[in-house]
Amino acid sequence: MRSTESDKLGFAIVGLGKFATEQIMPNFKACQHARLAALVSGSPDKARKLAAQYDLPETSVYSYDNFDSIKDNPDVDIVYIILPNSLHAEFTIRAAEAGKHVLCEKPMATSVEDCEKMIAACQQADRKLMIAYRAHFEPFNLDAIERIRKGELGTIKAITSDHGRPVKPTEDEADVWRVVKKLAGGGSLMDIGIYALNAARYLSGEEPVEVTAQEFSDKSDPRFAEVEDNIHFTLRFPSGVLASCTSSYSYSEVKRGRVFGDKAWLDLDPLSDYKKHTMKIGDDEGKQEPEIEEGNQFAAELDHMAECVLHNKTPKTPGEEGLKDVRYIMAIYEAAKTGKAVKV
Ligand code: NAD
């Protein structure tokens, strides 16, 4: 049953950039348990305009400086952090200390230590912490996981996944911080390779035991002075499944994944887009394209966070899930640097 507006939990959005304004804020209208309640921004003009657009009072607009006073706003239950990666830790900790539950964008943080601090702060404040892995709420991915677990592909042998797009800091403001190590923590792996890594884990249903990696970035290209462009990595899982993944800031756009079983293969292309997913399954007999209804992964994710708070449940993608990926990412960087396999 759909809740009334006042039964829904209030979200404060921290960081009013491209993803927040184009994908997240417009999707609250599709939510059953979540509503937009406050905005936190470094640009007062932008925040005021958006507040007016979304019918929020000016008292629900905060700056990064007075953000901590959000603790006195009972209309805000959950703070959703959509800032550059290296700021996730500070604002998660401040939100927990203000007594709010936290939904935080991927990658969770730019170091293992920061992830651990975020988990500890939310535990100490007895608040929920969820990392915004939207693919875990996306119907094509959920359908793929179900087919794999049911054995439709037979025994899984291998997974491949490629994520790439051209990063354009001179054309797109959202790409400016992405090539600055202090803000992004790393390059394509932290930003989009993480989708391949996370997918290899949820598709196999296992945790890797060893990683290998190779990196190549054209250092004469100013975009790659501080962060990596191309990184190829492999994950070895306990059952013997091998995942082979690539991530790049100079490919033309790709976001795909394929699972190879001994009976059939399954393709998701795209695997991790905002919409228009496709699935193909093939075997010796031929190929088929199952009919799956496109869903609203953003609304499903926001509603899940709200339901976890309402019913005191652990989120499907808690802080510990984000920490695992950041640990594997660090191991992949180490493997790329040393040229040696790294046990994880
Ligand atoms: P963006 O640059 O459009 O937004 C970032 C916001 O942070 C801007 O409003 C900017 O003004 C603000 N900001 C505050 N302090 C800043 C500083 N010191 N330097 C730069 N900006 C600062 O970026 P985005 O694409 O919206 O990404 C924001 C976060 O969302 C990132 O963590 C990114 O990984 C994540 N993201 C997730 C998805 C997804 O599909 N889940 C998609 C895009 C981005």
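Cut-offs applied
Counting from 1, residues in each chain are numbered in the order their sequence is written. Per-residue local features are limited, in this predicted model, to residues with pLDDT of at least 70; the limit for side-chain atom pairs, both in listing and counting, is 80 or more; totals at the level of whole chains, interfaces and linings are taken over all residues. Water and hydrogen atoms were dropped before computing side-chain values, which therefore reflect all heavy atoms in the structure. Exposure is judged per residue with a 1.4 Å probe applied to protein chains only, and the accessible area is read against the type maximum: over 50% gives exposed, under 20% gives buried, and values in between give partly exposed. In DSSP terms, a helix is any run of H or I states spanning at least four residues, a strand is any run of E spanning at least two, and both are numbered starting from the N terminus. Pairs of strands are assigned from DSSP output, requiring at least two bridges between the strands. We call two residues in contact whenever any of their non-hydrogen atoms come within 4.5 Å of each other. The convention used is that axes are lines fitted to C-alpha atoms, helices contributing only their stretch in contact, and that angles between N-to-C directions extend from 0 to 180 degrees. Throughout this description, the term nonpolar core refers to a set of buried Ala, Val, Leu, Ile, Met, Phe, Trp, Tyr and Cys residues connected via side-chain atoms within 4.5 Å. Domain delimitation in this document rests on an assignment produced automatically or drawn from a domain database.

Looking at the pairing of strand β10 (residues 242-248)
Buried residues dominate β10, accounting for five of its seven residues. By the bridge criterion, seven bridges tie strand β7 (residues 156-164) to β10 in an arrangement that is parallel. By the bridge assignment, Gly164 is partnered in β10 with Ser248. The antiparallel pairing of strand β9 (residues 230-236) with β10 creates a hairpin that spans five residues between the two strands, and Gly240 there sits at a positive phi of about 105 degrees.

Here's the deal with the sheet that holds strand β12 (residues 265-268)
With respect to topology, nine strands assemble into an open sheet ordered β14-β13-β12-β11-β7-β10-β9-β8-β15, the strand pairing being mixed. The open sheet has two edge strands, β14 (286-288) and β15 (342-343), and neither has a second partner. Pairing between β7 and strand β11 (residues 254-261): eight bridges, direction antiparallel. The partner of Ile156 across the bridge, within β11, is Gly261. Running over the sheet, helix α7 (residues 188-204) touches β7, β9, β10 and β11 and is turned about 160 degrees from β7. Most of the contacts of helix α9 (residues 319-338) go to strand β8 (residues 210-216), to which it runs at about 60 degrees, and overall it touches β8, β9 and β15.

A look at the nonpolar core
In this structure, Leu203, Phe233 and Leu235 are the most contacted members of the largest nonpolar core, which totals 80 residues. Top element by residues in this core is α7. It accounts for eleven residues. Two domains share this core, each providing at least three of its residues, namely domain 1 (5-134 + 298-313) and domain 2 (139-294 + 326-343). Setting aside its immediate chain neighbours within four residues, Phe233 contacts Leu189, Gly193, Ala196, Leu197, Thr212, Ala213, Ala243, Ser244, Cys245 and Ile332. Counting 30 residues, the second largest nonpolar core, distinct from the first, contains Leu9, Leu50, Leu56 and Ile82.

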